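# Secondary and tertiary structure notes
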Amino acid sequence: MLRQLHGLPGLLAALLLVTLAATGAVLALAPAMDRAAAVIPAAGEVSVAELAGRVVEHYPGTEQIVRGPSGGVIVYYSRDGQPGADLVSPLTGEGIAPYEPSAFFTWVRDLHRSFLLDDAGRMLAGAVAAVMLLLCISGTLLLVRRSGGWTALLRPLPGSGGKRIHAELARFAVLGLLLSALTGSYMAAQRFGLLPETSQIGPAFPAEVAGGQPAPVATLSALSKVDLRELRELVFPYPDDPQDVYSLTTSDGFGFVDQATGELLKYQSRSEGSVIQQWIVSLHTGEGLWWLGLILGAAALTVPVLSITGITIWWQRHRASEQLPDNADVSQAEAVILVGSEGNTTWGFARALRASLHQAGLRVHCSEMNALADHYPQASMLLVLTSTYGNGDAPASARRFMARLSEFREGKALKYAVLGFGDRQFPNFCQFALDVDAALARKGLSRLHSVELIDRCCASQFSEWGDRISELIRTPFSLTYDPLPSPTVKLELVERSDYGLAVQAPTSILRFEAAEQRGWPKFLPRARKALPSFEAGDLLGVIPPQGQAARFYSLASSSTDGVLEICVRKKPGGLCSGYLHDLKPGDRIDGFLRHNPDFRPAVGNTPVILIGAGAGIGPLTGFIRKNTKGNPMYLYWGGRNSQSDFLYQPELGRYLEDNRLTGLNTAFSRSDERAYVQDKLRQDEIAVRQMVRTGAQILVCGGRDMAEGVKQVIDEILKPLPVDVETLRAEGRYLEDVY
Ligand SMILES: Cc1cc2nc3c(=O)[nH]c(=O)nc-3n(C[C@H](O)[C@H](O)[C@H](O)COP(=O)(O)O)c2cc1C
């Protein structure tokens with residue numbers, strides 16, 4: 001509900017909101033500019049009488065003196081029958097410049113207030129402000145939910161991509177946007193009579209005035225008592241009318257001053273409502289509070305980005321939740337897929353699974369976990385795919401699952417498997433999937449397969465899980481998950497370096513270029529297409545000729561290197577790694593790129609500790625190659641034998657020489673030292689701890705077991721510090737690319 005409340009009006013109002021925000025950001029500059037142009041005397045330095053006296057000396061035809069909210073003093077006068085207005089110095093009364101409201105600001109203000117459409121536009125602008133208010137409130141509640149509570153609101157946010165940008169920006173801007181929206185809605189509601197009117201009618205014109213010879217304005221006692229800083233406006237009497245008076249408006253009230261005696265004839269203080277209204281206007285416009293204006297303007301500048309990221313998130317969610325075709329009925333289904341999802345990405349995986357099982361000839365029923373039926377009479381297989389939210393809690397479409405499970409009655413024939421989707425950056429990785437697995441076991445159901453956990457939507461892990469399920473149910477199918485099918489690139493192998501044969505770890509560094517167009521004469525330009533843009537650490541997806549599922553390889557180069565490089569270890573019986581290892585220079589493959597911005601060294605010059613084993617060195621070498629500024633970068637890498645599989649040995653030597661790599665520490669498990677990368681980290685314990693203390697980031701790439709071992713060692717090393725791997729992970733300082 002909260003999500004709909006945040007998503008739908010947000011989408012509708014995005015365009016209008018962007019207009020309001022962009023114009024608001026421009027207008028927010030006006031108070032600061034006015035303030036910079038104004039001469040502001042200290043409090044008590046100049047009285048209104050003194051100011052008026054000085055002004056009249058230079059402008060004998062003064063009709064009105066106005067002090068703007070930013071402190072600038074403007075004189076409206078008549079000279080030779082012509083009206084004029086000048087910005088004047090309150091210290092001398094001399095003109096500084098002719099006063100002419102900027103046509104640009106006036107136009108922007110009209111666009112902001114009414115979309116240049118009079119009353120209908122004003123109403124629309126008011127409605128947009130109200131929508132903004134709704135978005136701020138629902139967004140704050142979503143943010144609280146995302147952070148895990150009000151107290152966690154300021155902690156580093158996990159997640160990545162557009163969602164992370166949206167949440168981070170929103171957190172930065174929400175107070176400013178809330179203030180603008182609240183005050184804007186209030187002003188609109190008041191203008192259209194939805195709130196009581198607070199404008200005040202001033203005191204009636206005095207019945208009696210002295211009517212004598214006018215005294216010089218600088219001597220009028222009532223004006224001498226008012227400090228310039230309180231002045232709003234002073235309207236002068238008609239020149240030859242002894243019955244006329246000065247009309248004085250201050251920040252506290254309104255009154256009339258006798259031009260002969262200088263007496264305050266009538267005075268009325270501002271009502272409370274009028275003071276509140278004045279504050280609301282100031283809080284909305286920054287008038288008189290130029291610093292607030294700049295804060296509000298900065299907050300408004302985030303609205304276009306929030307709108308774009310918000311629409312993108314909405315669209316992805318919408319696409320992922322599109323209806324499933326051919327969904328079998330509960331009573332007929334042989335296989336049941338239940339989906340627990342909050343942001344709908346898990347639905348994309350469920351749809352791929354459903355399509356494959358359906359293609360394999362099974363009747364499949366797929367629904368959200370909240371819709372767990374009491375009974376699936378024909379089903380022999382229950383597959384639960386669920387994400388985890390909050391602090392290891394159920395996602396939205398699974399909140400009622402545990403309660404419904406108590407009503408569930410199922411015979412022993414139904415076997416289940418739970419597949420968890422989560423993110424290792426969160427402390428309770430896939431906790432809800434683990435809870436569901438345990439709850440189903442307690443219910444007496446037997447497992448088809450033990451629970452498996454997928455980190456950050458890893459497509460290859462998903463297809464491997466599918467292979468295992470396919471074997472267990474003796475039904476051939478394979479799973480491919482590609483959230484948005486990427487265009488494929490034709491690549492040509494231009495070079496390969498082979499390692500590790502002697503130690504049973506055949507590993508090759510493969511370098512590809514974009515394939516030349518066949519038959520295109522080499523001397524002509526553009527014979528070879530440019531590679532698409534990518535960074536080291538991004539992924540190359542390859543579907544081997546006999547396979548259906550893509551396998552992903554971390555890139556060891558970035559597009560600016562001119563080649564696409566991967567480092568591939570041949571797995572026993574591995575379809576894709578075998579296919580790649582058989583390639584000869586000149587052979588071509590189709591691949592597609594997937595960006596992986598979550599696995600990159602941070603910019604800046606804090607130390608980066610790169611840890612890897614085997615082919616995991618690929619992206620780490622890519623990061624080092626890019627480190628042309630020579631920021632501190634240390635590599636810990638483990639192989640089997642320095643004679644046989646010391647991958648990238650010559651390159652690393654060069655990088656040490658030209659300072660792209662600060663320190664290199666290798667461990668070889670099948671040499672005399674029999675060491676693993678964890679041992680090298682332990683030996684360097686003090687240095688590693690010191691680097692973490694100074695803000696170092698750690699990037700780990702390689703097999704799952706190695707990554708687990710490294711995590712334990714780093715936790716041991718960090719014991720004397722108030723941080724551990726999980727805290728570093730939450731701060732984006734411990735990143736893993738694990739397979
Ligand atoms: C606010 C928030 C909280 C999350 N909490 C956890 C968590 O506690 N444990 C975990 O493993 N993943 C957590 N995740 C990651 C999601 O489970 C993961 O991104 C998953 O793929 C989302 O799938 P869905 O879009 O289908 O809900 C969280 C994500 C967000 C945005």
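Residues numbered from 1 in each chain as written. Predicted model: local features only at pLDDT ≥ 70, side-chain atom pairs only at ≥ 80, totals over all residues. Heavy atoms only, no water.

As annotated in an unreviewed UniProt entry, the chain is NADPH--hemoprotein reductase from Marinobacter zhanjiangensis.

Turning our attention to the domain arrangement of the chain. Domain assignment breaks the chain into domain 1 (2-32 + 105-198 + 281-314), domain 2 (40-90 + 201-270), domain 3 (321-472), domain 4 (489-594) and domain 5 (608-738). Here the C-alpha centroids of domain 1 and domain 2 sit 39 Å apart. (Domains from an automatic or database assignment.)

On to the state of the cysteines, then. Overall, the coordinates contain 0 disulfides when judged by the stated rule. Here Cys 458 is not cross-linked by a disulfide; its sulfur's nearest cysteine counterpart is in Cys 457, at 9.2 Å. For Cys 567, which is in no disulfide, the shortest distance to another cysteine sulfur is to Cys 701 and amounts to 9.3 Å. Residue class for Cys 567 comes out buried when judged on its relative accessible area of 8%. (Disulfide = S-S within 2.5 Å. Buried < 20%, exposed > 50% of the residue type's maximum accessible area, 1.4 Å probe, protein only.)

Following the criterion strictly, the structure yields 14 aromatic pairs and no others. With 5.8 Å between their ring centres and 15° between their planes, Trp 637 and Phe 646 make a pair best called stacked. (Phe/Tyr/Trp six-rings, centres within 6.5 Å; stacked < 30°, edge-to-face > 60°.)

Turning our eyes to something else, we now look at the environment of Ser 450. Its location among the elements puts Ser 450 in the loop between β13 (446-447) and β14 (452-455). Taking relative accessible area as the criterion, Ser 450 reaches 45% and is therefore assigned partly exposed. Between the C-alpha atom of Ser 450 and that of Leu 419, which follows or precedes it by 31 residues, the distance is 8.8 Å. (Helix = DSSP H or I, 4+ residues; strand = E, 2+ residues; numbered from the N terminus.)

As a further point, take the pattern of salt bridges. Opposite charge on two side chains makes pairing possible when the charged atoms of those side chains draw close. Scanning the entire structure with this criterion turns up 30 salt bridges. The partner of Lys 680 in a salt bridge is Glu 673, with the nearest N and O atoms 3.1 Å apart. A salt bridge links Glu 736 to Arg 729; its shortest N-O distance comes to 3.1 Å. On the basis of relative accessible area, Glu 736 is assigned to the buried category, the value being 9%. Judged by relative accessible area, which is 4%, Arg 729 ranks as buried. Through salt bridges with shared partners, a single network forms among Glu 495, Arg 511, Asp 561, Glu 565, Arg 625 and Glu 651. (Salt bridge = Lys/Arg side-chain N within 4 Å of Asp/Glu carboxyl O.)

Let us now look at the site of the ligand. The environment of the ligand is made up of 20 residues, and the closest members are Ser 341, Thr 345, Thr 346, Thr 388 and Cys 430. At 2.6 Å, a side-chain N or O of Ser 341 approaches an oxygen atom of the ligand. A distance of 2.7 Å is found between an oxygen atom of the ligand and a backbone nitrogen or oxygen belonging to Cys 430. Expressed as a share of its isolated accessible area of 650 Å², the protein-covered part of the ligand is 92%. Elements with a contribution of two residues or more to the shell around the ligand: α10 (345-359) and β12 (415-422). When its residues are assigned to classes, the shell around the ligand shows 6 nonpolar, 11 polar and 3 charged. (Near = heavy atom within 4 Å. Polar contact = N/O pair within 3.5 Å; in protein donor to acceptor, adjacent residues only side chain to side chain. Areas by Shrake-Rupley, 256 points an atom, 1.4 Å probe, with all protein chains shown as cover. Nonpolar A, V, L, I, M, F, W, Y, C, P; charged D, E, K, R; others polar.)

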